[in-house]
Amino acid sequence: MLATITLGACSSSGSSSHAAKGQAPVDRSNWPAQTPASGLAKGLALPLEAYMTAYADQVTVDTALRTLQTRCMSEYGFTVDLPRPGVNPPASSNSINIERRYGITDRAQAKRYGYLLPPELRKHTDQELPDLPDVQVEVLTGHTKPEPVAAPTGGDGSYFGASEKTEPARAEHNGKKLHKGGCIGWSQQQLKLDELDAGFVSQLASRSLSDSRPAKPVDKAITDWSACMKAKGHKAADPFRAMEQGLADGDGDHATKNAIALASDDLDCKKQTRLIKVWFQEESAVQKRLIKENKDRLAAVKARMSEILAAAKAVK
C-alpha cells in the first residue's frame, strides 16, 4: 500500500530539492484480473479471497492516500509529486496468487515463456528518486531522515528504510504542528486503515495451503503427477520443484527449449491427474473451516474493507 511504502519518488517546489522528471503513466491493460481468465485455474477463487482486497480496489485506496498525503504536504507549504499507484502491477490480484498457487496453470504462457512470467508482467518502471530535504521527510513521515548507506539509483527504493536509525520529527513547521506519523500517518487515519487485517488473512491462507498438502486426495494427485512426469523423462517430486528446475534453466529473461518442454509436460500431467482441481477443492474445504473458526474477526475485516474502499472513493 502507498501508505506503507517509503514514498521515495517525491519532488518539491522548494529550491533545496531536485525536480522530478514526472511520474510514469498508469496502464490498466496489464492489471491482473480478479480471477484467472484462462488456463487450468480459470475462474477459480478460494474462499479467503473474499476477505482480501482486489488489486483494482487497492489502487483506489492507494490513490486516495496519495491525494491525502499530497494535500497534507501542501498545508505545510510543500508541493510534492508522490508515486502513482498502479504503475507496476503484480502478477496476481491478491496474495493468494491462485494462478501459480499449485504451480503453473496457463498453457499459452508456458509454451512461450516456460515458467517465466510474460514480459509485460516482468517489466518494472523505474521512478526518479530525488533527495528530499530533511524538513520534508519529517513532515511526510513523522521522523527524521536517516543517512542511507548508499543513495539509490532508481526503481522503488527508498531513503526511509525501517532498519535505519531515526529520531522523532520536529514538533512543528511554519507554526503548524506535525501530525503523528507525518502526512503518511494522517492519511491512514483518514481512511481508518488497519494494517493487521491483511496480515491476518494472509496467515490463514498460508496455513490452508500447508494444511491441505498432506490431504490424501492431494497427496495422491501429486504422486500421480510425479509418475506422469517421470514417464516423460523428468524427475520432480512436486510442481514446485519442477518450477525451480525450469526457472534455473535459463538467464532469467528468456526460457530455454528445455524449460518450455518441462513446463508443457508439467501442464499435461496436471490436466491428466486433475491436480489443480483436486488441490483447489481440498484447500477450499480447509479455508471454509478456518473461516468458520474465525468468523467474527473475518466479518470485521470484511466490514472494514468496505468502509475503507467507500472512504477512498469519496476522496477527491
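Note that the structure is predicted; figures quoted are calculated from it, not measured.

Points about the packing of helix H8 (residues 239–248) against helix H9 (residues 257–273)
Look at H8 against H9: their axes get within 9 Å of each other, and the N-to-C directions meet at 165°. Classed by the angle they form, the pair H8 and H9 counts as roughly antiparallel. Between H8 and H9 the crossing geometry is left-handed. Packed against H8, whose contacting residues are Pro239, Ala242, Gln245 and Gly246, the element H9 presents Ala259, Leu262, Asp266 and Lys270 at the interface.

Points about the layout of surface pockets
Approximately 440 Å³ is the volume found for the second largest pocket. Forming the walls of the second largest pocket are 22 residues, and the residues nearest its centre are Ala91, Glu99, Asp106, Gln109 and Leu121. Here the lining of the second largest pocket is built from residues that sort into 10 nonpolar, 8 polar and 4 charged.

Quick word on the confidence of the model for the protein chain
Averaged over every residue, the pLDDT of the protein chain is 88; the share at 70 or more is 86%. The low-confidence segment residues 1–21, where pLDDT is below 50, has 66 contacts with residues more than four positions distant or belonging to other chains. Low confidence marks residues 151–163, where pLDDT is under 50. Its contacts with residues over four positions away, or in another chain, come to 28 contacts.

Re the side chain of Thr141
Relative to the elements of secondary structure, Thr141 occurs in helix H4 (residues 134–141). Of the polar contacts made by the side chain of Thr141, one reaches the backbone oxygen of Val137; its length is 2.7 Å. Engagement of the side chain of Thr141 in a polar contact is seen with the backbone oxygen of His143, the distance being 3.2 Å. Once residues lying within four places of it in the same chain are set aside, the contact partners of Thr141 are Gly181, Gly182 and Ile184.

Regarding the state of the cysteines
Tallied over the full model, the rule gives 2 disulfides. Here Cys228 is linked by a disulfide to Cys269, with a sulfur-sulfur distance of 2.1 Å. Here the S-S torsion is close to -80°, and the disulfide linking Cys228 with Cys269 is therefore left-handed. A residue pair is termed long-range when its members are at least 10 positions apart, and Cys228 in helix H7 (residues 216–231) and Cys269 in helix H9 qualify at 41 residues. Neither residue differs from the other here; Cys228 and Cys269 are each classed as buried.

Description of helix H1 (residues 55–74)
With 20 residues, H1 should reach 28 Å at 1.5 Å per residue; the first-to-last C-alpha distance of 28 Å fits that figure. Listed in full, the buried residues belonging to H1 are Tyr55, Gln58, Val59, Val61, Asp62, Ala64, Leu65, Arg66, Leu68, Gln69, Cys72 and Met73.

Quick look at the pattern of salt bridges
A complete count under the given rule lists 13 salt bridges for this structure. The residue Asp197 makes a salt bridge to Arg304 at a minimum N-O spacing of 2.8 Å. Here Asp197, found in helix H6 (residues 196–212), pairs with Arg304, found in helix H11 (residues 295–314); they are 107 residues apart in sequence, far enough to count as distant. Among the residues examined, Asp197 registers a relative accessible area of 8% and is labelled buried. Accessibility expressed as a relative area gives 26% for Arg304, which makes it partly exposed.

Quick look at the packing of aromatic side chains
To describe a pair of aromatic rings, you give the distance between the ring centres and the angle between the ring planes. Counted under the stated rule, the structure contains 3 aromatic pairs. Relative to Trp279, the ring of Phe240 has its centre 5.9 Å away and its plane inclined at 70°; by these criteria the two rings are edge-to-face. With Phe240 in helix H8 and Trp279 in helix H10 (residues 275–293), this residue pair connects regions lying 39 residues apart in the sequence. By relative accessible area, Phe240 is classed as partly exposed at 30%. Taken together, the aromatic side chains of Tyr102, Phe240 and Trp279 make up a single cluster linked through ring pairs. The ring of Tyr76 carries Lys176 above its face, with NZ or CZ at 5.4 Å from the centroid.

Examining the nonpolar core
Nonpolar side chains tend to gather and get buried jointly when the protein is soluble and globular. Leu48, Tyr102, Leu275 and Leu298 are the most contacted members of the largest nonpolar core, which totals 38 residues. Elements that contribute at least two residues to this core include exactly H6, H7, H8, H9, H10 and H11. Ignoring sequence-local partners within four residues, the contact set of Leu298 consists of Leu48, Tyr51, Phe200, Val201, Leu204, Leu290 and Ile291. Core analysis: the next-biggest nonpolar cluster, separate from the first, contains 24 residues, Ala64, Leu65, Cys72 and Val80 among them.

What about unusual backbone geometry?
Phi is positive for Asn174, which is not a glycine, with a value near 55°. Relative to the assigned elements, Asn174 resides in the loop between strand E1 (172–173) and strand E2 (176–177). The class for Asn174 is exposed, based on a relative accessible area of 68%.

Quick look at the packing of H1 against helix H5 (residues 182–191)
Following both chains from N to C, one finds H1 and H5 inclined at 130°, their axes separated by 9 Å at the closest point. By the angle between their directions, the pair H1 and H5 is classed as oblique. As H1 packs across H5, the resulting crossing turns out to be right-handed. Across the interface between the two elements, Val61, Ala64, Leu65, Leu68, Gln69, Cys72 and Met73 of H1 pack against Cys183, Ile184, Trp186, Ser187, Gln188, Gln190 and Leu191 of H5. Looking at the contact of H1 with H5, its residues break down into 10 nonpolar, 4 polar and no charged.

The rules behind these values
Residues numbered from 1 in each chain as written. Predicted model: local features only at pLDDT ≥ 70, side-chain atom pairs only at ≥ 80, totals over all residues. Heavy atoms only, no water. Axes fitted to C-alpha atoms, helices over the stretch in contact; angles between N-to-C directions. Helix = DSSP H or I, 4+ residues; strand = E, 2+ residues; numbered from the N terminus. Parallel < 35°, antiparallel > 145°, perpendicular 65-115°, else oblique. Left-handed = near helix turned anticlockwise from the far one by under 90°. Contact = heavy atoms within 4.5 Å. 1 Å grid on protein atoms, 1.4 Å probe; cavity = no way out; pocket = protein on both sides within 12 Å on 5 of 7 lines; lining within 4 Å. Points joined across faces, edges and corners; volume = space filled by probe spheres on them. Nonpolar A, V, L, I, M, F, W, Y, C, P; charged D, E, K, R; others polar. pLDDT = per-residue confidence, 0-100. Polar contact = N/O pair within 3.5 Å; in protein donor to acceptor, adjacent residues only side chain to side chain. Disulfide = S-S within 2.5 Å. Buried < 20%, exposed > 50% of the residue type's maximum accessible area, 1.4 Å probe, protein only. Expected span 1.5 Å × (residues − 1). Salt bridge = Lys/Arg side-chain N within 4 Å of Asp/Glu carboxyl O. Phe/Tyr/Trp six-rings, centres within 6.5 Å; stacked < 30°, edge-to-face > 60°. Lys NZ or Arg CZ within 6 Å of the ring centre and 35° of its normal. Core = buried A, V, L, I, M, F, W, Y, C linked by side-chain atoms within 4.5 Å.

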